[in-house]
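So the chains spell out like this:
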Amino acid sequence: MRKSRFIVLFFLFGFIGGRSQMLAISDTDAVVEVDAVSDSASVARDFSLSEAVVTGARYETDIRHLPMTVSVVGRRVLEESRESSILPVLNAYVPGFFSTSRGMMGFGVSDGASGQMSVRGIGGPVQAGLPTTGMLVLIDGHPQYMGLMGHPVADAYQTMMTERVEVLRGPASVLYGSNAMGGVINIVTRKMNEEGVRTGINIGAGSYGTFQSEVNNRVRKGGFSSVFTASYNRTDGHRRNMGFEQYGGYLKLGYDFSDNWKLWSDVNITHFNAANPGAVDDPYIDNDQRITRGMASVALENDYERTSGTVSLFYNWGDHWINDGYQEGEQPLDYRFNSNDRMYGVSVYQSVELFAGNRITAGFDYFHFGGKAWNEYITDGHKEISADKALDEYAGYVDFRQNIGSWLTVDAGVRIDHHSQSGTEVIPQAGLAFHMPGSGELKFMASKGFRNPTIREMYMFPPQNPDLQPESLWSYEMSWSQTLFKGRLYYGANIFYINGDNIIMRLPNPEGSGMLNQNSGEIENWGAELSLSYRFNEVWSAQTNYSWLHMENPVLASPEHKFYAGAEFSKGKWNWSSGLQYVAGLYTELETDTTENFVLWNINGSYRVVEWLSLYLKGENILAQRYEIMKGYPMPKATFMGGININF
C-alpha cells in the first residue's frame, strides 16, 4: 500500500510539473540553475548555457542534461561562512544533507566522533558506533576514505582548499563505485585563472578560546599556476576535556601546455589533536587522538571540441594514534591504538561526441586500499597486531547520453565492479531530462547504488565476518525546476523513493555465541525536497530550502524535517546575512527512539574598511537553544567570533 501511494504521488507530481511548464512565463534570457546554493550567500548560483558542473558526468557538462540532482556551494559562500570545515555550510544550503557535530570546532574519530554524513537517510550509521560508509567524499573526483575503516575523516575537508563543493544527491555508483550509495560530495580544489598574484590572510577569534587563521597565495604567469594555503585552528571547547587543534596545508601546481592539454598535481596534509569528553552522564578521561591525514594526486587533462578526458593517479594515507581513555572507577588503559592506512589508484576516462547531441563516456578505475593496525603497550613497548590487510577493486564503466531535438536528453550507464574479496557487482542507471518552455526542467532518474564491505567489517574487531556481501539499493527520483524573470527567481522540487537490502548490521551469531556482522538490514525511505531563491534587487536577496524524509527503518543523523531560510543585504562597504535553520525528528538514539528538535539562528556581517582590509563578526545559535545532535553531547549555546580579512 505504501509503494502504491508513492507511485500515485510520483505521477501526480509529474502531471503538476507538466501543467506548470505550460503556464510558465517564457523568458529567453533566463539561465539554468543547479540548485538553491550559490556564489552569493543567499541566492542560487545561476548556470548559463556555457557553464557546467563535473560531478554528474566526470567531464564538464551543462546541468540541464543531467537527470540527477546536483547542488553547488561556491567559494564566496564558503568564505563568508567563516567556517574552517565545509560540513556546516552544506548543512544549511543543501536540502536532504545532514552531518553531525558535537561542538564549535572539530569532529574527531573513533568513539564519540561526529562528522557523520547522510543524504536522504543514506550514508550515516545504521547503528550507534558505526561510521559513515555509504556517502562518498571526493577531492577532484578521487575517493577519500580510510583504507582500513572505509569511512571519510570529516576534519580533513577544509574550506581553505575548496573552490566549490558539488553534492550529488542520490546514488552515483556508476561513475564512482563503492560508497557512492547515498550520494557524492565532490570537493573541487581552488584554481588561479587570472594573470598575476593574489594573497589573502584571515584571522579570527571567539568564544571558548576559539582561534582560526588562514593564509593563501595564488599565482598565474602564462601557462604556470600555483595555489598555496595554510591554516591553524584551535578551540578549548565548551566542555572540559574537549579541546581541538588543527594544522593544515595545501599546495597545487599546474601547467597549461595549450588550450587543449593541462597538467596539474597537488598535495594536502592535515594534522589534528582532539579530545573526547564522552557523554555528560558517562564521561571519559584521557580519550585523546592524534591524527594525520594526507592526499596527493597528479592528472593530465585533454579537452577538445568533441572529446575530453583525464588520466589521474592519486594516493591517500593516514597515521592514527588513539588513547581510548577510561571512565570513572576504571584503570587507565595500558596500551594505545595505532594504525597506518593507505589508498592509491588510477582513474582514466575519455568522453567523445560521436555525432550532434551525443556523448559517450568510458572509463576505468583501479583502487588499492588497506593498512595495518596494532595496540602498542606502554609497559614494554610490544605490539599486538589487529589487522594487516589490503584489498583491490577494478571497475569499468560506460555512460551514454543523447539529446533528442532540443526538448529531451536520454541518459543510460552501467558499471562492472570487481572487489577482490566480495566479488563482482553490475550497477546500472537510467534517466530522462525534459527541457520545457520557460526554462523549466522535468527529470526522471532510476539508479542503483552499492557499497562493498570494509576491511574493518570483515577482518577487524568483533563481530567481524569475512563472508559479508555488498550492500545495495535502488533509488527513483523525479524533479522539476525553473528559473524565471531573467534568472532572478529559481524554484525546484523533487520526490524520491529508495529501497535497499543486504545492509550490514550487528546481530546475534546464528552459529554460536556473541554478535556477528551480517547482511540482514533493509532500507525503505521516501521524501521530498524543495528550494526557492529570489533576488529582489542589487541590495536584497533571499533563499529557502526544505527536506522531508520518511524512514521505515530509522537511522541516526538523518532528520525527518530540515528547513533553512536565509537573507542577504549587500550595499557599499557593508554585507550582512542571516539564516534560520529548523531540524525536527533527528534520531540521536535508536534503542529508545530518542529524537531531537531545535531551531538555530545565525548572523554574519562584514565591513570593508579599505579595499584590502575588512572586518567581520558572526554569531551562531544566538537564541541560545539547548539541543543535542549526538546523544549525551549538548551543543554550545550562543557563540560569537570576530576577525579580519586582508587581500592584496
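Residues numbered from 1 in each chain as written. Predicted model: local features only at pLDDT ≥ 70, side-chain atom pairs only at ≥ 80, totals over all residues. Heavy atoms only, no water.

**Student:** Would you mind going over the overall build of the protein chain with me for this structure?
**Tutor:** Looking only at helices and strands, the protein chain features 5 helices and 34 strands. Taking 26 Å as the expected radius of gyration for a compact globule of 648 residues, we find that the protein chain reaches 24 Å, a close match to that expectation. The dimensions of the protein chain, computed from C-alpha atoms along their principal axes, are 75 × 60 × 55 Å. Looking at the 648 residues of the protein chain, the share that counts as buried comes to 58%. (Helix = DSSP H or I, 4+ residues; strand = E, 2+ residues; numbered from the N terminus. Rg over C-alpha atoms; globule rule 2.2 N^0.38 Å. Buried < 20%, exposed > 50% of the residue type's maximum accessible area, 1.4 Å probe, protein only.)

**Student:** Before we go on, may I ask you to explain a negative patch on the surface in this structure?
**Tutor:** A cluster of acidic residues, Asp281, Asp282, Glu328 and Glu330, forms a negative patch on the protein surface. Mapped onto the secondary structure, Glu328 falls in the loop between strand S17 (307-327) and strand S18 (335-352). (Patch = residues over 30% accessible without salt bridge, like charges linked within 9 Å, V, L, I, M, F, W, Y side chains within 5 Å. Areas by Shrake-Rupley, 256 points an atom, 1.4 Å probe, with all protein chains shown as cover. Salt bridge = Lys/Arg side-chain N within 4 Å of Asp/Glu carboxyl O. Lys, Arg positive; Asp, Glu negative; His and termini not counted. Charge placed at Lys NZ, Arg CZ, Asp CG, Glu CD.)

**Student:** Is there a simple way to think about the pairing of strand S3 (residues 69-73) in this case?
**Tutor:** Within a regular strand, the side chains alternate between the two sheet faces. Counted residue by residue, S3 has 5 buried out of 5 residues, so it is predominantly covered. Of the two faces of S3, the one holding Thr69, Ser71 and Val73 and the one holding Val70 and Val72 are both buried throughout. Here S3 runs beside strand S8 (residues 162-169); their pairing, made up of 5 bridges, is antiparallel. By the bridge assignment for S8, Val70 is matched with Leu168. (Pairing = 2+ DSSP bridges.)

**Student:** Please explain the sheet that holds S8 as it appears in this structure.
**Tutor:** Backbone-to-backbone hydrogen bonds join strands into a sheet, with any given pair of strands oriented parallel or antiparallel. Read across the sheet, 5 strands follow the order S3-S8-S9-S6-S7 without closing on themselves; strand pairing throughout is mixed. Of all the strands in the sheet, just S3 and strand S7 (142-143) have a single pairing partner and so form its edges. The sheet contact formed by strand S6 (residues 136-139) and strand S9 (residues 183-189) spans 4 bridges and is parallel. Bridging from a neighbouring strand, Val137 pairs with Ile185 of S9.

**Student:** Sorry if this is basic, but what is going on with the nonpolar core here?
**Tutor:** Among soluble globular proteins, nonpolar side chains are generally buried collectively. Residues Leu136, Tyr176, Val184, Phe272, Phe369 and Met460 are the most contacted members of the largest nonpolar core, which totals 44 residues. Not counting residues up to four positions away in its chain, the partners in contact with Leu136 are Pro143, Tyr145, Tyr176, Ser178, Asn179, Ala180, Gly183, Val184 and Ile185. (Core = buried A, V, L, I, M, F, W, Y, C linked by side-chain atoms within 4.5 Å. Contact = heavy atoms within 4.5 Å.)

**Student:** Would you explain the environment of Gly177 in this entry?
**Tutor:** Topologically, Gly177 is positioned in the loop between helix H4 (173-176) and S9. Spatially, the C-alpha atoms of Gly177 and Glu425 are 9.7 Å apart, while their sequence positions differ by 248 residues. In this structure Gly177 touches Ala172, Arg415, Asp417 and Phe450, once residues within four positions along its chain are discounted.

**Student:** Even after reading the chapter, I still don't get the environment of Val398, so can you show me in this structure?
**Tutor:** Here Val398 lies in strand S20 (residues 383-404). We classify Val398 as partly exposed; its relative accessible area is 39%. For the pair Val398 and Gln350, spaced 48 residues apart in sequence, the C-alpha separation works out to 9.9 Å. Look past the residues within four positions of Val398 in its chain and what remains in contact with it is Ile360, Thr361, Ala362, Ala412, Gly413 and Val414.

**Student:** Teacher, can you tell me more about the pairing of strand S25 (residues 489-508) here?
**Tutor:** As paired elements, strand S24 (residues 471-484) and S25 share 13 bridges and run antiparallel to each other. From the neighbouring strand, Met478 faces S25, where its bridge partner is Ile495. Pairing between S25 and strand S26 (residues 515-535): 18 bridges, direction antiparallel. In the sheet register, Tyr490 faces S26, and the bridge partner there is Ser533. Where S25 folds back onto S26 in an antiparallel hairpin, the turn is made up of 6 residues, including Gly514, whose phi is positive at roughly 80°.

**Student:** Mind showing me how you'd approach the pattern of salt bridges here?
**Tutor:** Pairs can form between side chains of opposite charge whenever their charged atoms are close. Counted according to the given criterion, the structure contains 21 salt bridges. Between Lys618 and Glu83 there is a salt bridge, and its shortest N-O distance comes to 3.5 Å. One end of the pair, Lys618, is in strand S31 (residues 613-620); the other, Glu83, is in the loop between helix H2 (75-81) and helix H3 (87-93), and 535 residues separate them in sequence. Note on Lys618: relative accessible area 8%, which makes it buried. Taken together, the shared-partner salt bridges in this structure form one network comprising Arg120, Arg169, Glu477 and Glu529.

**Student:** Please clarify how the packing of aromatic side chains should be interpreted in this entry.
**Tutor:** Both the distance between ring centres and the angle between the ring planes are used here to describe each pair of aromatic rings. The full count for this structure, using the stated rule, is 23 aromatic pairs. Their ring planes at 50° and their centres at 6.2 Å tell us that Phe337 and Phe461 sit as a pair that is tilted. Of this pair, Phe337 sits in strand S18 while Phe461 sits in the loop between helix H5 (455-459) and S24, placing them 124 residues apart in sequence. Under the relative-accessibility criterion, Phe337 is labelled buried at 9%. (Phe/Tyr/Trp six-rings, centres within 6.5 Å; stacked < 30°, edge-to-face > 60°.)

**Student:** Mind showing me how you'd approach the environment of Asn545 here?
**Tutor:** One can find Asn545 in strand S27 (residues 540-551). For the pair Asn545 and Arg169, spaced 376 residues apart in sequence, the C-alpha separation works out to 14 Å. Once residues lying within four places of it in the same chain are set aside, the contact partners of Asn545 are Ala92, Tyr93, Pro95, Leu530, Ser531, Lys562, Phe563 and Tyr564.

Interpretation note: all reported values are geometric properties and have no functional meaning in isolation.
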